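# Coordinate analysis (summary)
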Amino acid sequence: MGDKDADEQFFVSDMFRGREGGPRQRPDLGTVREAARDIPVYRECDVLVAGGGPAGTAAAAAAARMGADVVLLERYNHLGGLSTGGLVIWIDRMSDWDGRHVIRGFAEEVFARLPKDAVAGPEPREWGSRDPARADWWSHRTSAFHGVITWSPTIDPERLKLASQDMLLERKVHLLYHAWIAAPLVEDGAVRGVIFESKSGRQAIRAKVVVDATGDGDLIAMAGGRCDTDIEENDIHHCMNTAWLFGGVDMTRWIDFKAGQPEQFAQFMQLGREQLRFFERPFVSLAQRHRPVHGAAAVRVLGAGRRRPDHGGNPLRELMALHLEFYRRHAPGFERAHLLYGAPQLGVRHARRVAGVSRVTRAQWPTGLVHPDEIGVSPSLSPKFPNISIPYGSLLPETLDGVLACGRHIACDATSHSFLREVPQCWITGQAAGAAAAIAANRSLAPRAIDVSELQDALLAQGVHLRAQRRAAAA
């Protein structure tokens, strides 16, 4: 990517290609025929949300708040996706480079439900500050970038699971855990529900509108919707990782070493790469006043795709133990570290992106473009660029009706995907998709046929930060 690396790769890491060098060729073993059968209908609803990650949780909350009868299917036993089960406990920037809180709505609601000791981050008075000393202090706690302090808190994932579930149950969302989508129900070019599987067998749900919050666009792809899969080869955003937590760590000593001895820290990183090859530095986890401070570390592996189920095991589990041993020997503050918890979910950043009615593109970044169908505003990757407008058209498949996309597979180019896949942006697009689905179901319309002004009014009423609707009103 050359000279644009600094401005277009927000979070860089040391990345390596796997030993296999490419996808394995599987032998052709023929096929088997599955007998036709009748599938019992489990439930009918207004809005069906497929996936309970950040986007799906926000979608279900928004739709139910508008009075829709909502069902949410989730393959695990909790909500939050990678922000909880993936231990992505650092929540990316929700303030822009001037300190304005632009990712709001559902994000504010869920944070208001978290206890004070479940969130660690700078106070609002510091957001946007460029004070060198304070920015340096927060930079070692994942809350300052490019010399600017941002609202990028670290959270307790178990509290986020509970707060998310409480919100949906209060709004009468019907939650189905341990349920996996097997196939979409498609009639006349529109998605009308899904067939899913669970311990109770194979069942169906009919819905007026479906929200694909799978993270990989699985439902839309299965229904025949076109998707994009191109990537930026040198960017981190398409690799996979497993995160874990180490306990018994003196993070003050570690930060003092990392910040105060740059040459020794560089030697530490070089030695780690030489000995482990796939190597990552530890990051600060939730720093709580009344509990020991733990260190959190994540390892990232470049070149692994999401759509192959046959990974042949997870080598990152072995790396977890190897990192612990290396840190104990070489990382100040980690002498008495122990393994606390490894994420049960594999951290996948990219598989496919929906080909939408419109999309967010790299060409948009420097222009300050405000889409007339704006449904959310994201901070840009660098202070060099203004905020990024997210259009409603990025949630709408080109031709497939009855379904909306949200989360990391919305329509965008590969470079813009690097930040649109983050947890706060998933909250934005999930909330918009849920509100749009509720309007479409209530008015018996296809999602592409709803009045965007009505959607924007609904989002403003839910606390979302928008600019397009306000500009239209002023005109």
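Bear in mind the structure is a predicted one, so any value in this text is a computation, not a measurement.

Cut-offs and rules
Residues numbered from 1 in each chain as written. Predicted model: local features only at pLDDT ≥ 70, side-chain atom pairs only at ≥ 80, totals over all residues. Heavy atoms only, no water. Helix = DSSP H or I, 4+ residues; strand = E, 2+ residues; numbered from the N terminus. Buried < 20%, exposed > 50% of the residue type's maximum accessible area, 1.4 Å probe, protein only. Contact = heavy atoms within 4.5 Å. Areas by Shrake-Rupley, 256 points an atom, 1.4 Å probe, with all protein chains shown as cover. Phe/Tyr/Trp six-rings, centres within 6.5 Å; stacked < 30°, edge-to-face > 60°. Disulfide = S-S within 2.5 Å. Expected span 1.5 Å × (residues − 1). Salt bridge = Lys/Arg side-chain N within 4 Å of Asp/Glu carboxyl O. Axes fitted to C-alpha atoms, helices over the stretch in contact; angles between N-to-C directions. Left-handed = near helix turned anticlockwise from the far one by under 90°. Nonpolar A, V, L, I, M, F, W, Y, C, P; charged D, E, K, R; others polar. pLDDT = per-residue confidence, 0-100. Pairing = 2+ DSSP bridges. Right-handed = clockwise from strand over helix to strand, strands pointing away.

## Here's the deal with the overall build of the protein chain
A count of helical and extended segments in the protein chain gives 13 helices and 20 strands. Across the 475 residues of the protein chain, 57% fall into the buried class. Contacts in the protein chain between residues at least 24 apart in sequence constitute 74% of all its contacts with a sequence separation of at least 6. Carbon together with sulfur atoms contributes 49% to the accessible area of the protein chain, which is approximately 20600 Å² in total.

## Re the packing of aromatic side chains
Tallied over the entire structure, the rule returns 24 aromatic pairs. Plain terms: the ring middles of tyrosine 42 and phenylalanine 196 are 5.7 Å apart, the flat faces sit at 85° to each other, and that makes the pair edge-to-face. Of this pair, tyrosine 42 sits in strand S1 (residues 41–50) while phenylalanine 196 sits in strand S9 (residues 190–198), placing them 154 residues apart in sequence. With a centroid separation of 5.4 Å and 45° between ring planes, the pair formed by phenylalanine 268 and phenylalanine 326 is classed as tilted. Taken together, the residues span a long stretch of sequence, with phenylalanine 268 in helix H8 (residues 262–276) and phenylalanine 326 in helix H9 (residues 315–330) at a distance of 58 residues.

## Comments concerning the state of the cysteines
According to the stated counting rule, one finds 0 disulfides in the structure shown. Of all cysteine sulfurs, the one in cysteine 406 lies closest to cysteine 426, which takes part in no disulfide; the gap is 7.8 Å.

## Some thoughts on the side chain of glutamine 345
Relative to the helices and strands, glutamine 345 resides in the loop between strand S15 (338–342) and strand S16 (347–348). Judged by its relative accessible area of 7%, glutamine 345 is buried. In this view, glutamine 345 contacts Tyr76, His78, Gly81, Leu82, Gly85 and Gly86; residues no more than four positions away in its chain are not counted.

## Remarks on helix H2 (residues 54–65)
The first and last C-alpha atoms of H2 sit 17 Å apart over 12 residues, in line with the 16 Å expected at 1.5 Å per residue. Counting buried positions along H2 gives 11 out of 12 residues, so the element sits mostly inside the fold. When H2 is considered as a whole, its buried residues turn out to be Pro54, Ala55, Gly56, Thr57, Ala58, Ala59, Ala60, Ala61, Ala62, Ala63 and Ala64. Where H2 is buried, its residues meet S1, strand S2 (70–73), helix H3 (106–112), helix H5 (157–170), strand S10 (201–212) and helix H11 (423–443).

## Thoughts on the pattern of salt bridges
For the structure on display, the rule yields 26 salt bridges. A salt bridge links arginine 104 to glutamate 108, with the shortest nitrogen-to-oxygen separation between them at 3.1 Å. As a salt-bridge pair, arginine 171 and glutamate 109 come within 2.4 Å of each other at their nearest N and O atoms. With a gap of 62 residues between them, arginine 171 in the loop between H5 and strand S7 (174–176) and glutamate 109 in helix H3 connect regions that are remote in the sequence. Sharing partners across several salt bridges, the network here consists of Arg65, Glu109 and Arg171.

## Re unusual backbone geometry
Within the chain, aspartate 188 stands out as a residue other than glycine whose phi angle is a positive 50°. Structurally, aspartate 188 is set in the loop between strand S8 (180–187) and S9. We note that serine 444 has phi near 55°; this positive angle belongs to a residue other than glycine. Mapped onto the secondary structure, serine 444 falls in the loop between H11 and helix H12 (452–461).

## Quick notes on the packing of H2 against H11
Contact geometry for H2 and H11: axes closest at 7 Å, N-to-C directions at 35°. At the point where H2 passes H11, the crossing takes the right-handed sense. Touching Pro54, Ala55, Ala58, Ala59, Ala62 and Ala63 of H2 are Val423, Cys426, Trp427, Gly430, Gln431, Gly434, Ala435 and Ala438, all from H11. Per-class residue counts for the contact of H2 with H11 are 11 nonpolar, 3 polar and no charged.

## Points about the confidence of the model for the protein chain
The predicted model of the protein chain has a mean per-residue pLDDT of 88, with 86% of residues at 70 or higher. Note that residues 11–21 has pLDDT below 50 and, in this model, 31 contacts with residues that lie over four places away or in other chains. For residues 288–312, every residue scores under 50 in pLDDT, and the model assigns this stretch 89 contacts once sequence neighbours within four places are set aside.

## Describing the environment of aspartate 136
With respect to the helices and strands, the residue aspartate 136 is situated in helix H4 (residues 132–139). With relative accessibility at 43%, the residue aspartate 136 sits in the partly exposed group. Put simply, aspartate 136 and valine 148 are 12 residues apart on the chain and 8.9 Å apart in space, counted from C-alpha to C-alpha.

## Description of the pairing of S2
Regular strands place their side chains on alternate faces of the sheet. Side chains Val70 and Leu72 of S2 all project onto a buried face; the interleaved residues Val71 and Leu73 project onto the opposite face, where all are buried too. In terms of strand pairing, S1 meets S2 through 4 bridges, oriented parallel. Looking at the pairing, leucine 48 lines up with valine 71 of S2. Handedness of the crossover joining S1 and S2 through H2 is recorded here as right-handed. Relative to S7, S2 is paired through 3 bridges, and the arrangement is parallel. Counterpart to valine 71 in the pairing with S7 is histidine 174.

## Topic: the environment of threonine 229
As for its placement among the helices and strands, threonine 229 is situated in the loop between strand S11 (227–228) and strand S12 (240–247). A relative accessible area of 40% means that threonine 229 is categorised as partly exposed. Residues threonine 229 and histidine 350, 121 residues apart in the sequence, show an inter-C-alpha distance of 8.3 Å.

## Some details on the side chain of serine 380
Among the structural elements, serine 380 can be located in the loop between strand S18 (374–378) and strand S19 (388–391). Owing to a relative accessible area of 1%, serine 380 belongs among the buried residues under this scheme. Each residue touching serine 380, except ones within four places of it in the same chain, is listed here: Arg93, Trp97, Phe385, Pro386, Asn387 and Ile388.

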